[in-house]
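Coordinate inspection notes
Chain residues, written in single-letter form:
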Amino acid sequence: MRKLLPILFLTISVVVYSQGAKKPIIDIHLHGYSSIPPNVQASWAGESYAQELTSPQNSERHLQMVTEEMEKNNIKLGVISSTSLEALKKWKTNAPELILTGIQTDELGRPILSPDSLKILFEKGEVDILGELGLQYFGLSPDVPTMAPYYKIAEENGIPVCLHTGLGPPGGPHSFAPKFRTTLGKPTLFEPVLVKHPNLKAFLAHAGYPYIQETIAMMYVYPKLYTDIGVLTWALPIEAFYSTLKQLMDAGFGKRIMFGSDQMMWPGAISIAVKTVKEAPFLTESEKRDILYNNAARFLELSPEVISSHQK
Ligand SMILES: [Zn+2]
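Predicted model only: the values in this text are computed from it and were never measured.

Things to note about the environment of N157
For N157, the location among the structural elements is in helix α5 (residues 148-157). Overall, N157 belongs to the partly exposed group, its relative accessible area being 22%. In this structure, the C-alpha to C-alpha distance between N157 and V274, residues 117 residues apart in sequence, is 32 Å. Sequence-distant contacts of N157, defined by excluding residues within four places in its chain, comprise K119, F122 and E123.

Considering the sheet that holds strand β5 (residues 161-164)
Taking strand neighbours across the sheet as the criterion, the 8 strands line up as β1-β2-β3-β4-β5-β6-β7-β8 in an open arrangement whose pairing is parallel. Looking at strand neighbours, the two that pair on one side only are β1 (25-31) and β8 (257-258), the edges of this open sheet. Where strand β4 (residues 129-133) lies against β5, 2 bridges are found, and the strand directions are parallel. When the bridges of β5 are listed, L130 appears paired with V161.

A word on the nonpolar core
Most often, soluble globular proteins keep nonpolar side chains buried together rather than apart. Counting 75 residues, the largest nonpolar core has L130, F190 and W234 as the members making the most contacts within it. Tallying contributions element by element places helix α10 (residues 269-278) first for this core, with 6 residues. The contact partners of F190, leaving out residues within four places of it in the chain, are P142, Y151, L163, L200, A202, L204, M218 and L225. Within the second largest apolar cluster, 17 residues are counted, among which are L100, I129, F203 and Y293.

Some thoughts on the pairing of strand β2 (residues 75-82)
Among the 8 residues of β2, 7 are classified as buried, and the element is accordingly described as predominantly covered. Two elements, β1 and β2, share 5 bridges in a ladder whose sense is parallel. Each bridged residue has a counterpart across the sheet, and for L30 the counterpart in β2 is I80. Bridge analysis of β2 against strand β3 (residues 99-103) gives 5 bridges, and the strand direction is parallel. Within the sheet, the bridge partner assigned to V79 lies in β3 and is L100. Crossover handedness for the path β2 to helix α3 (residues 85-94) to β3: right-handed.

Examining the confidence of the model for the protein chain
Mean pLDDT over the protein chain works out to 93, with 93% of the residues at or above the 70 mark. Contacts of residues 1-20 to residues separated by more than four positions or lying in other chains number 0 contacts, the stretch itself having pLDDT below 50.

Describing helix α11 (residues 285-299)
The first and last C-alpha atoms of α11 sit 20 Å apart over 15 residues, in line with the 21 Å expected at 1.5 Å per residue. Maximum bend of α11: about 50°, positioned at I291. Backbone geometry just downstream of α11 places E301 in the positive-phi region, at approximately 55°.

Quick word on the packing of aromatic side chains
For the structure on display, the rule yields 10 aromatic pairs. Consider the rings of W44 and W266, whose centres lie 5.9 Å apart with planes at 85°: the pair is edge-to-face. With W44 in the loop between β1 and α2 (59-72) and W266 in the loop between β8 and α10, the pair connects residues that are 222 residues apart, well separated along the chain. With relative accessibility at 5%, the residue W266 sits in the buried group. Feature note: the residues W44, W234 and W266 constitute an aromatic cluster, connected by ring pairs. The lysine or arginine in question, K201, covers the ring of F299, its NZ or CZ lying 6.0 Å from the ring centre.

Comments concerning the pattern of salt bridges
All told, the structure shown has 11 salt bridges when counted by the stated rule. We note a salt bridge from D106 to R110, for which the minimum N-O separation is 3.0 Å. Judged by relative accessible area, D106 falls into the buried class, the value being 16%. The closest approach of N and O atoms between K255 and D290, which form a salt bridge, is 2.9 Å.

Cut-off values and rules
- Residues numbered from 1 in each chain as written.
- Predicted model: local features only at pLDDT ≥ 70, side-chain atom pairs only at ≥ 80, totals over all residues.
- Heavy atoms only, no water.
- Helix = DSSP H or I, 4+ residues; strand = E, 2+ residues; numbered from the N terminus.
- Buried < 20%, exposed > 50% of the residue type's maximum accessible area, 1.4 Å probe, protein only.
- Contact = heavy atoms within 4.5 Å.
- Pairing = 2+ DSSP bridges.
- Core = buried A, V, L, I, M, F, W, Y, C linked by side-chain atoms within 4.5 Å.
- Right-handed = clockwise from strand over helix to strand, strands pointing away.
- pLDDT = per-residue confidence, 0-100.
- Expected span 1.5 Å × (residues − 1).
- Bend = angle between axes of the 7 residues up to and from the residue.
- Phe/Tyr/Trp six-rings, centres within 6.5 Å; stacked < 30°, edge-to-face > 60°.
- Lys NZ or Arg CZ within 6 Å of the ring centre and 35° of its normal.
- Salt bridge = Lys/Arg side-chain N within 4 Å of Asp/Glu carboxyl O.

Set out below in structure tokens:
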């Protein structure tokens, strides 16, 4: 028996390790594009991540690299949102089982589909999510009247809504987003929409950072509201991200926080994001599983068949 013990221990360790390595992840927050400016560095990334984050040569290469990153990290499902229906079609065709699609907004800040088209394409399974809605980038509040028919369709049909909240890249109002306003990222601005649509299935992208007290207030009062940690894992200094995540955990929202990389033009952000969550010193293994997979599976109402296919 004594001789057998080390072998037994080794066997158990290998099994546990390999199960750990194989556990699935859902990335609720990714982006795809019809074109991409090459060799752009994420100069504003936290820590020393900028060196690792340079945009690929073109959108095809971006698709390929993001898909490879997803496979490498055992991400079994990812939500790609885009301002281009054509780009979304390419992503879905490339890996139908791996990709859900979200529609963003046009140059005036309106969703790229009419409310009726959204309903039709959702029913056909060609569009899965309304968002990421970057209304803030266009100087618009979440309850801008043009969005009213979209929220109605989303609520009636169970279409998940992703709302950009919190910050945007430094210098945005003086460069690519002249109408962007920081205060339009406050999570409480979403309240009139949730009051009007009690059954809306929605999540706050970026956890409303740095308006974290508002996120906590909203998630407390609206128990169906979820959040994601997109971009925070790699754009902030690690202590700022961990203290944000810990505040949300301490407030009791461990079952409504979803993993999102928000890799944008930088596929390498996916690995950094996964690693940062896995290494969070204050999370238990089961809390990590909730954030990395279970919460999004529940939010997206994945079938038992799909969930079991992800365990392979
Ligand atoms: Zn995003």
